[in-house]
Amino acid sequence: MEFDSVESIQLRAESRAFRRTLEIARKVAPYDTSVLLRGETGSGKEIVARFIHQHSRRADSRLYSISCGALPETLLESELFGHKAGAYTGAARDRVGLFEQGALGTILLDEIGDVGPAAQVKLLRVLQEREILRLGENIPRRVDIRILAATHRDLDEEVEAGRFRRDLLYRLRVVEIEVPPLRSRVEDIRPLAVHFARHAASRLGFPDRGFESGVLELFERYSWPGNVRELINAIERAAVLGGDGRIRRSDLPSQILFGSGAVPGSGKAAGMSLAEVEAAHIRKVLAHTGGSRSKTASVLGIGPSTLWRKMKRLGL
Ligand SMILES: Nc1ncnc2c1ncn2[C@@H]1O[C@H](COP(=O)(O)OP(=O)(O)OP(=O)(O)O)[C@@H](O)[C@H]1O
Ligand SMILES: [Mg+2]
């Protein structure tokens, strides 16, 4: 379990896509509405949850974040709802759960898709009645807490597969907020990189905090399957390997240098014609930019009309 730190969050948001996400978050923040945060791993679901908490009337209380997949079901239930002594083996004393302990605060149910069927029923009860039962007890207790949930899964699919309760999904997803993957908001990459290079340098005591030329462009072209967390790690790694905080090409992992598709320089490209390499590369950059032709053209260093002609010629 993690608790929020006292320092206020420093969110970087330049892209329209991420600003839109924060706009919705700010709108929904003041109310006790349940929010489901969806997004790929490392994209910023938790930081958006903190943003909601800090803009809510519960900001003076805490945000409790609990990773639902990390605990066996009984322990998770005991963590959330508390238990009476003897409720299960190992429950020696009465215990107050997070829903009671966190009164007036916010609780983030992280990886909500991993919650088992018994706990799903109990969560539904909290959401419907605003009441909990401690494990091994039959006294309903009222709780005053705001519930946020996060997942990288498609919960509609989980419902279809019979693994997640539809009624619980509807209660959790009064508002759904999509946290876009980093590759679809290229404008955020540079400010985030600059921010984290500074952060790494000051934390690790390095004199430098700059980038070798071309590095930021490489970052903008890469697909970042691990999103912001992968960016942070790449920067910290390079800062340490460089020994002075400067972020150099030679200290970046190969997938960032070469990408993972068939691009010039990779083995697969050796058997491809120039047109095939061109088509593969254009497709890849298009995917990185979330399909934006103008961004693709600027990454490729050509004009939008040249890109359009090439795409037509290559049958893209
Ligand atoms: N826009 C942003 N500005 C600054 N830091 C960010 C931003 N987005 C994400 N981060 C940082 O990136 C890291 C990953 O973000 P976060 O933990 O919120 O992702 P997540 O979606 O919850 O990931 P997971 O699915 O793995 O739980 C955190 O250290 C977070 O502080
Ligand atoms: Mg998270």
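Cut-off values and rules
Residues numbered from 1 in each chain as written. Chains lettered and ligands numbered in written order. Predicted model: local features only at pLDDT ≥ 70, side-chain atom pairs only at ≥ 80, totals over all residues. Domains from an automatic or database assignment. Nonpolar A, V, L, I, M, F, W, Y, C, P; charged D, E, K, R; others polar. Axes fitted to C-alpha atoms, helices over the stretch in contact; angles between N-to-C directions. Helix = DSSP H or I, 4+ residues; strand = E, 2+ residues; numbered from the N terminus. Parallel < 35°, antiparallel > 145°, perpendicular 65-115°, else oblique. Left-handed = near helix turned anticlockwise from the far one by under 90°. Contact = placed C-beta atoms within 7 Å. Near = placed C-beta within 6 Å. Buried ≥ 20, exposed ≤ 12 C-beta atoms within 10 Å, placed from the backbone. Core = buried A, V, L, I, M, F, W, Y, C linked by C-beta atoms within 7 Å.

Trainee: Any chance you could explain the domain arrangement of the protein chain here in plain terms?
Mentor: When cut into domains, the protein chain gives domain 1 (2-180) and domain 2 (186-313). Look at where the C-alpha atoms of domain 1 and domain 2 centre, and you get two points 34 Å apart. Of the residues in the side of domain 1 that touches domain 2, the class split is two nonpolar, five polar and three charged.

Trainee: Sorry if this is basic, but what is going on with the packing of helix H8 (residues 189-204) against helix H10 (residues 227-242) here?
Mentor: Two measures define how a pair of helices packs: the angle their axes make with one another and the distance between the axes. Where H8 meets H10, the axes come as close as 9 Å, and the angle between the chain directions of the two elements is 45°. For the element pair H8 / H10, the angle class is oblique. Crossing geometry of H8 relative to H10 is assigned as right-handed. In this structure, H8 contributes Leu192, Ala193, Phe196, Ala197, Ala200, Ala201 and Leu204 to the contact, and H10 contributes Val228, Leu231, Ile232, Ile235, Glu236, Ala239 and Val240. A per-class count over the contact of H8 with H10 returns 13 nonpolar, no polar and one charged.

Trainee: Would you mind showing me how to read the site of ligand 1 here?
Mentor: Near ligand 1 you find 17 residues, and of these Gly44, Lys45, Glu46, Ile47 and Val228 are the closest. Going through the elements one at a time, helix H2 (45-54) and H10 are the ones with two or more residues in the shell around ligand 1. For the shell around ligand 1, the residue count by class is six nonpolar, seven polar and four charged. Of the residues that make up the shell around ligand 1, three or more belong to each of domain 1 (2-180) and domain 2 (186-313).

Trainee: Even after reading the chapter, I still don't get unusual backbone geometry, so can you show me in this structure?
Mentor: In terms of backbone geometry, most residues other than glycine have negative phi values and most peptide bonds are trans. Phi angles above zero are rare outside glycine, and Leu104 is one such case at about 80°. Using a count of 13 C-beta atoms within 10 Å as the deciding quantity, one classes Leu104 as partly exposed. Here the phi dihedral of Arg130 falls at roughly 55°; this positive angle occurs in a residue that is not glycine. Along the polypeptide, Arg130 turns up in the loop between helix H5 (117-129) and strand S7 (131-132). Given 16 C-beta atoms within a 10 Å radius, Arg130 is considered partly exposed.

Trainee: What should I look at first to understand the nonpolar core in this one?
Mentor: Soluble, globular proteins show a tendency: their nonpolar side chains are buried together. If you look at the biggest cluster of nonpolar residues, it comprises 38 residues, and the most contacted ones within it are Leu37, Ala49, Phe99, Ile107, Leu108, Leu148 and Ala149. Broken down by element, the residue count for this core peaks at four residues, all from strand S9 (residues 146-151). With near-sequence residues (within four places) excluded, Ala49 lies in contact with Leu37, Leu63, Leu108, Leu148 and Ala150.

Trainee: Got a minute to help me understand the environment of Pro304 in this structure?
Mentor: Its place among the elements puts Pro304 in helix H14 (residues 304-313). When residues no more than four places from it in sequence are discounted, the contact partners of Pro304 are Arg293, Ser294 and Ala297.

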